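Letter by letter, the chains look like this.
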Amino acid sequence: MYTKESYNLEFKEEVSKTFLKTVSAYANYNDGAIIFGLDDDANVVGVKESPKEEALRIENMINDSLSPVPYFEMIIKEVEGKTIIILEVKKGKDTPYYYKGKAYKRGDTATIEVDRFELRRLALEGINMHYEDRKSSSQDLRFTILEARLKKEAGIERINLDILKTLNLYHKDGYYNTAGELLADENDIDFSGIDIVKFGKDINKILYRKTISNVSLLTQFDSAVDIFEQYYIFEEIDGYNRIKKELIPREAFRESLANAIVHRVWDTNAYIQIAMYEDKIEINSPGGLPAGISKDEYLYGNISVLRNPIIAGVFNRLNIIEKFGTGIARINKEYTHSISKPDFEVSENRIRIMLPVTEIDLIDLSEDENMVYELLKEEVELSRKEIDLKAGFNKSKTLRILNGLVDKNIISKTGSGAKLTYKLK
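Residues numbered from 1 in each chain as written. Predicted model: local features only at pLDDT ≥ 70, side-chain atom pairs only at ≥ 80, totals over all residues. Heavy atoms only, no water.

## Topic: the overall build of the protein chain
If you tally the helices and strands in the protein chain, you get 14 helices and 21 strands. Structurally, the protein chain occupies a C-alpha span of about 85 × 75 × 40 Å along its principal axes. Across the 425 residues of the protein chain, 48% fall into the buried class. Counting only contacts in the protein chain whose residues sit at least 6 apart along the sequence, the fraction spanning at least 24 positions is 61%. In the form shown here, the protein chain has an accessible surface area of approximately 22200 Å², with 45% of it arising from carbon and sulfur atoms. Taken as two groups, the 61 positive and 71 negative side-chain charges of the protein chain have centres that lie 1 Å from each other. (Helix = DSSP H or I, 4+ residues; strand = E, 2+ residues; numbered from the N terminus. Buried < 20%, exposed > 50% of the residue type's maximum accessible area, 1.4 Å probe, protein only. Contact = heavy atoms within 4.5 Å. Areas by Shrake-Rupley, 256 points an atom, 1.4 Å probe, with all protein chains shown as cover. Lys, Arg positive; Asp, Glu negative; His and termini not counted. Charge placed at Lys NZ, Arg CZ, Asp CG, Glu CD.)

## Remarks on the pattern of salt bridges
This model, assessed by the stated rule, comprises 20 salt bridges. One salt bridge in this structure joins glutamate 10 and arginine 106, with 2.8 Å as the shortest N-O distance. In this pair, glutamate 10 sits in strand S1 (residues 9-12) while arginine 106 sits in strand S7 (residues 102-107), placing the two residues 96 residues apart along the sequence. Among the residues examined, glutamate 10 registers a relative accessible area of 7% and is labelled buried. Taken together, the salt bridges that share partners define one network made up of Lys280, Glu282, Asp343, Glu345, Arg350 and Arg352. (Salt bridge = Lys/Arg side-chain N within 4 Å of Asp/Glu carboxyl O.)

## Section: the packing of helix H4 (residues 144-154) against helix H7 (residues 217-232)
For the pair H4 and H7, the least separation of the axes is 9 Å and the interaxial angle reads 70°. The orientation of H4 with respect to H7, classified from their angle, is roughly perpendicular. Note on element contacts: H7 touches H4 through Leu218, Thr219 and Asp222, opposite Ile145, Leu146 and Arg149. For the contact of H4 with H7, a count of residues per class yields three nonpolar, one polar and two charged. (Axes fitted to C-alpha atoms, helices over the stretch in contact; angles between N-to-C directions. Parallel < 35°, antiparallel > 145°, perpendicular 65-115°, else oblique. Nonpolar A, V, L, I, M, F, W, Y, C, P; charged D, E, K, R; others polar.)

## Details of the sheet that holds strand S3 (residues 66-67)
Strand order in the open sheet formed by four strands is S3-S6-S7-S8, and the pairing between neighbours is antiparallel. For this open sheet the edge positions go to S3 and strand S8 (110-113), each flanked by a neighbour on one side alone. Summarising the sheet, strand S6 (residues 98-99) and S7 pair through two bridges and their orientation is antiparallel. For tyrosine 98, the partnering residue across the bridge sits in S7 and is alanine 103. Each of S3, S6, S7 and S8 is contacted by helix H1 (residues 19-29), which is oriented at about 80° to S7, the strand it contacts most. (Pairing = 2+ DSSP bridges.)

## A few points about the packing of aromatic side chains
For the structure shown, the criterion picks out nine aromatic pairs. Here phenylalanine 143 and tyrosine 176 contribute two aromatic rings whose centre-to-centre distance is 5.6 Å and whose plane-to-plane angle is 40°, an arrangement assigned as tilted. Taken together, the residues span a long stretch of sequence, with phenylalanine 143 in the loop between helix H3 (116-126) and H4 and tyrosine 176 in strand S10 (residues 175-176) at a distance of 33 residues. This pair shows no difference in class: phenylalanine 143 is buried, exactly as tyrosine 176 is. Among the aromatic residues, ring-to-ring pairing joins Phe143, Tyr170 and Tyr176 into one connected group. For the cation-ring pair, lysine 280 lies above tyrosine 277, with the distance from its terminal atom to the ring centre recorded as 5.2 Å. (Phe/Tyr/Trp six-rings, centres within 6.5 Å; stacked < 30°, edge-to-face > 60°. Lys NZ or Arg CZ within 6 Å of the ring centre and 35° of its normal.)

## Re the side chain of arginine 264
Along the polypeptide, arginine 264 turns up in the loop between helix H8 (250-263) and strand S15 (272-276). Arginine 264 sits in the buried class, given a relative accessible area of 0%. In this structure the side chain of arginine 264 is engaged in a polar contact, spanning 2.9 Å, whose partner is the backbone oxygen of alanine 270. In contact with arginine 264, other than residues within four places in its own chain, are Phe191, Gly193, Ala270, Tyr271, Ile272, Ser285, Pro286, Arg307 and Asn308. (Polar contact = N/O pair within 3.5 Å; in protein donor to acceptor, adjacent residues only side chain to side chain.)

## Observations concerning the nonpolar core
With 64 residues, the main nonpolar core has Leu146, Phe253, Ile274 and Phe315 as its most contacted residues. For this core, the leading source of residues is H7, giving eight residues. Once residues within four sequence positions are removed from consideration, phenylalanine 253 is found in contact with Ala224, Val225, Phe228, Ile274, Met276, Ile281, Ile283 and Leu355. The next biggest cluster of nonpolar side chains, apart from the first, holds 22 residues, and it includes Leu20, Phe36, Ile62 and Tyr99. (Core = buried A, V, L, I, M, F, W, Y, C linked by side-chain atoms within 4.5 Å.)

## Some thoughts on H3
Glu118, Leu122 and Leu124 are the residues of H3 that are buried. One side of H3 carries all its buried residues, which in axial view fall inside an arc of 160°. On its buried face, H3 sits against H1 and S7. (Arc of directions from axis to C-beta.)

## Quick word on the sheet that holds strand S21 (residues 421-424)
Strand order in this open sheet of three strands is S19-S21-S20, and the pairing throughout is antiparallel. What marks the edges here is a single partner per strand, and that holds for strand S19 (382-383) and strand S20 (411-414). Relative to S21, S20 runs antiparallel, the two sharing four bridges. Note on S21: the bridge partner recorded for isoleucine 411 is leucine 424. Contacts from helix H12 (residues 367-378) reach S19, S20 and S21, with the element oriented near 85° to S21.

## Regarding a negative patch on the surface
A cluster of like negative charges, contributed by Glu13, Glu14, Asp40 and Asp41, occupies part of the molecular surface. Counting through the fold element by element, aspartate 41 comes out in the loop between strand S2 (32-36) and helix H2 (51-65). On the basis of relative accessibility, which here comes to 60%, the residue aspartate 41 falls in the exposed class. (Patch = residues over 30% accessible without salt bridge, like charges linked within 9 Å, V, L, I, M, F, W, Y side chains within 5 Å.)

Printed below as a string of structure tokens:
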């Protein structure tokens, strides 16, 4: 029935106070369940005491220990002749939810205390306000760059206060918010910028470096795209024609860059970092995933929990991003016909997107690697033993080739042990 713990599922053999931290985490960020009567390996051990008394004890512990008290339900269920209790906790609107004066969040399958930055974000969410909606430190703002983009993309001739209110950059209470300052021609927000480095043959040789800061997010976006085009787009003469070629898909870079700007956190002292290499680009965005979304949902779910909905809304109106929640799919689509694929790394404090070059001759696959690649093109996925048989390799050679293809981000592994298989990315 249940296989393993996850971001929103936890097992407890018995009722102890440790589960209250997880209740805080679920109430602060996302719906989740705690099942009493299962061990860590999902084996049913059952609750030891009277199920009704245990359920009442759980209820009293939550009511006495959580502030405010979140919404929850309990289900008593028979499984394999034993009784389990399923505690379902709903994400609340009155964040933060404290246990013993501390707020918690889930980190994969663990429950950890939030830091002071995250606590501030929870407090803002609790009053239905995002960081970008806070009052701007400067109220003397100009919007000539935004006006030019609105004229081009939306046919708006002149920007005025009504338009700024429509874009949610000017608050109903009569002030510019932080999103307005970030989209103004200039801003005084520390680290609201992009740090770009272009490396040569190795990281010891820096060909170019620029930090774009204290200017409109639109200027930052356009400037970064211009620098990208200098190094990764070129013209090739074919007879009488000039053909424009892209070492890295321009649309994949634009989507990755927009994703970094729209989803980054602003209350941390870090720039968006773009590292340009001969064979790839890495884009690092400050802040991990927005609250309430898992890594799998971010990568494969085509859903979007917006950290900065005002900025995202403006980027959408300006056709910089098309549809919320489709960015990763659009990046992957640009690499449909490429052996090398993008890579996405998500941690607590950052999101990294790696865009490799798509030139096939730069991949430098060996004859044996090409053979395994072609086998995997024909099949959905194969085990190492199946590849041994089809390619005629021994175990050690197959593993060496597979590990090399994994390192080059061409194939991925699924499962473990005897159920381990390989497939193209």
